[in-house]
Amino acid sequence: MARIIVVTSGKGGVGKTTTSAAIAMGLAKKGHKTAVIDFDVGLRNLDLILGCERRVVYDFINVINGEASINQALIRDKNCNLLYILPASQTRDKDALTQEGVGKVLEELSKEFAYIVCDSPAGIEKGANLALYFADDAFVVTNPEISSVRDSDRMLGILSSKSRRAERNEEPIKEYLLLTRYDSDRVRSGEMLSLDDVQEILSLDLLGIIPESKSVLSASNAGIPVILDEKSEAGQAYTDVVARYLGEKRPHRFIDGKQGFLRRLFGGRK
Amino acid sequence: MLNTLSVLEFKSSTFFAPILILFNKDIAAIEQALQEKINLAPEFFRDSPLIVDLRELNKQNQDVDFVQITEILRKIGFFPVGIRGGNEQQNKQAHSLSIPIDTVREQGSPIIIGETHKQENIKQSPSQPEVTTAKEPIRPAAIPPVSAAATLITHPIRSGQRIYAAGDLIIMSQVSAGAEIMAEGNIHVYNTLRGRALAGVHGNTAVRIFCFDLQAELISIAGDYKTSEDLNKQMYKKPVQIYLQDHALIIKEIA
């Protein structure tokens, strides 16, 4: 049986798709056969981040409607042969998703894959609700700013009340916090919420902090998940996240940021 | 099979609606008074559902035409959704207008949501239910359902979630901003309270709210409320208890 992970946030633009691509790649690189599904029907993005947009023939909705088999729609990643992508449909909207259909697709994928990563759309409507409904684990992607934290909190409420596990009174979805776009300089100057501020409101298990990094944008543009950029801080942070998720103990990095040369020289901070 | 099951579902839920208590049967006066209220907060009242309470009028034997009342309310922009304490004629009129009739508490229960709990007071004492009413005899129907067991919640109440308890509500985890917890009895939060907490929602003024860390957006007891703006800064992030005294909300630090 596959473990189903939903990457969700409520708010848009916080890094759900970047995270989905990175952790799916990370899990596959660790030797686990992984599928990543784009639930953002009508606003297909995941294929771009993973650089497989030119190989999309069939999509998630085709599979749900029975117009294609899962194996026809799944795209094997060119960097890792254990990673498969099920792209969203760009020409449809979220109403094309049905609980039954999504359930069937996930059930079929579960037979073959070890992990299924569901990239949730923003919002708390149908697409987002279906992305989380079948989940076993949730990665709640949050930026260190108050509106993102509030939306994540709302999402956590939905995770605990509207999932299949909640409806069946099973063990609740395991929720993890992923703090993305973290800029320790701006935290220090008080412009951004600190990790402690966010944790005080959400009180969740912290899976990792992804520092704000230019390499994320360039990786997205190049269609290579940032986790493959081993030199970048963001890439290393995602590698840590995957390792922690798989049970490894790794200390949290990137909370305080790099000590710049000038700051070291002048002892700018305590 | 699955398809027919997913067509509909019945669920039970609790809603809040303002109650309009009429003291005078003069239609013109009612209209004018309503208009004045609305002018104070037009957005608040726009398209608001409303329950019309006619008990006061009927107590004074002032017979009023419910059809006329409904017309006025609809004209002003309310959606009358219920009648309470109407006489036989008024209930008949309501029925023909497809407006639900509240019959459950018709025997003069003092349960009123809002600020008008001046006539009667209920004292909460689960073992010996007692109604302290100066002029009226004890009426069993006036006793709130105190027997309802306390509701215990151990998980966090997240933004957007609503919890309703028929008796006391005890929460061991945090209550997030944007969450709403309501109880007919007392509320205990043994953690941070950031959302809204409403105790005594059926008008019981003797209930209290307790919390370990007060950062609430709103607190209310029996309809008397304070928003975070009105909360005393000195009590912020403190363990407190909140109770009603002479219609004033008292917030006291628990030492």
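Here, every reference points to the structure presented above.
Computed from a predicted structure; not experimentally measured.

Residues and elements named next belong to chain A. Their axes nearest at 10 Å, the elements helix 7 (residues 146–161) and helix 10 (residues 195–202) cross at an angle of 30°. Between helix 7 and helix 10, the angle is such that the two are roughly parallel. For the pair helix 7 and helix 10, the crossing hand works out as right-handed. On helix 10, the residues that touch Ile146, Val149, Ser152, Asp153 and Leu156 of helix 7 are Val198, Ile201 and Leu202. Its residues placed into classes, the contact of helix 7 with helix 10 shows six nonpolar, one polar and one charged.

For the rest of this paragraph, the subject is the sheet that holds strand 4 (residues 101–102) of chain B. All names here are of chain B. With respect to topology, four strands assemble into an open sheet ordered 1-2-3-4, the strand pairing being parallel. Across the chains shown, the open sheet's two edge strands, defined by having one partner strand only, are strand 1 (19–21) and strand 4. Relative to strand 4, strand 3 (residues 79–84) runs parallel, the two sharing two bridges. Paired with arginine 84 across the two strands is aspartate 102, which belongs to strand 4.

Looking now at a nonpolar patch on the surface. All names here are of chain B. A cluster of nonpolar side chains, contributed by Leu152, Met172, Tyr190 and Phe212, occupies part of the molecular surface with about 410 Å² of accessible area. You can see phenylalanine 212 is positioned in strand 13 (residues 209–214). Taking relative accessible area as the criterion, phenylalanine 212 reaches 51% and is therefore assigned exposed.

Okay, the sheet that holds strand 13 of chain B next. All names here are of chain B. Across the sheet, which stays open at both edges, the six strands sit in the order 7-9-11-13-16-17 with mixed pairing between neighbours. Here the strands that pair on one side only, and so sit at the sheet edges, are strand 7 (151–153) and strand 17 (248–253). Put simply, the sheet's adjacent strands are angled 20° from each other on average, direction ignored. Pairing of strand 16 (residues 240–245) with strand 17 involves six bridges; the strand directions are antiparallel. In the strand pairing of strand 17, glutamine 245 is matched with alanine 248.

With 12 residues of chain B at the interface, the matching set in chain A holds 14 residues. Of the roughly 990 Å² buried where chain B meets chain A, counting both sides, 34% is carbon and sulfur surface. The three residues of chain B that bury the most area against chain A are Arg158, Ser159 and Arg194 of chain B, which together make up 48% of that side's buried surface. Connecting chain B to chain A are three salt bridges. Remark: the boundary between chain B and chain A carries nine residue pairs in polar contact (both at pLDDT 80 or more). When its residues are assigned to classes, the side of chain B that touches chain A shows two nonpolar, seven polar and three charged.

Definitions and cut-offs
Residues numbered from 1 in each chain as written. Chains lettered and ligands numbered in written order. Predicted model: local features only at pLDDT ≥ 70, side-chain atom pairs only at ≥ 80, totals over all residues. Heavy atoms only, no water. Axes fitted to C-alpha atoms, helices over the stretch in contact; angles between N-to-C directions. Helix = DSSP H or I, 4+ residues; strand = E, 2+ residues; numbered from the N terminus. Parallel < 35°, antiparallel > 145°, perpendicular 65-115°, else oblique. Left-handed = near helix turned anticlockwise from the far one by under 90°. Contact = heavy atoms within 4.5 Å. Nonpolar A, V, L, I, M, F, W, Y, C, P; charged D, E, K, R; others polar. Pairing = 2+ DSSP bridges. Patch = residues over 30% accessible without salt bridge, like charges linked within 9 Å, V, L, I, M, F, W, Y side chains within 5 Å. Areas by Shrake-Rupley, 256 points an atom, 1.4 Å probe, with all protein chains shown as cover. Salt bridge = Lys/Arg side-chain N within 4 Å of Asp/Glu carboxyl O. Buried < 20%, exposed > 50% of the residue type's maximum accessible area, 1.4 Å probe, protein only. Buried area = accessible area lost by both parts, 1.4 Å probe. Polar contact = N/O pair within 3.5 Å; in protein donor to acceptor, adjacent residues only side chain to side chain.

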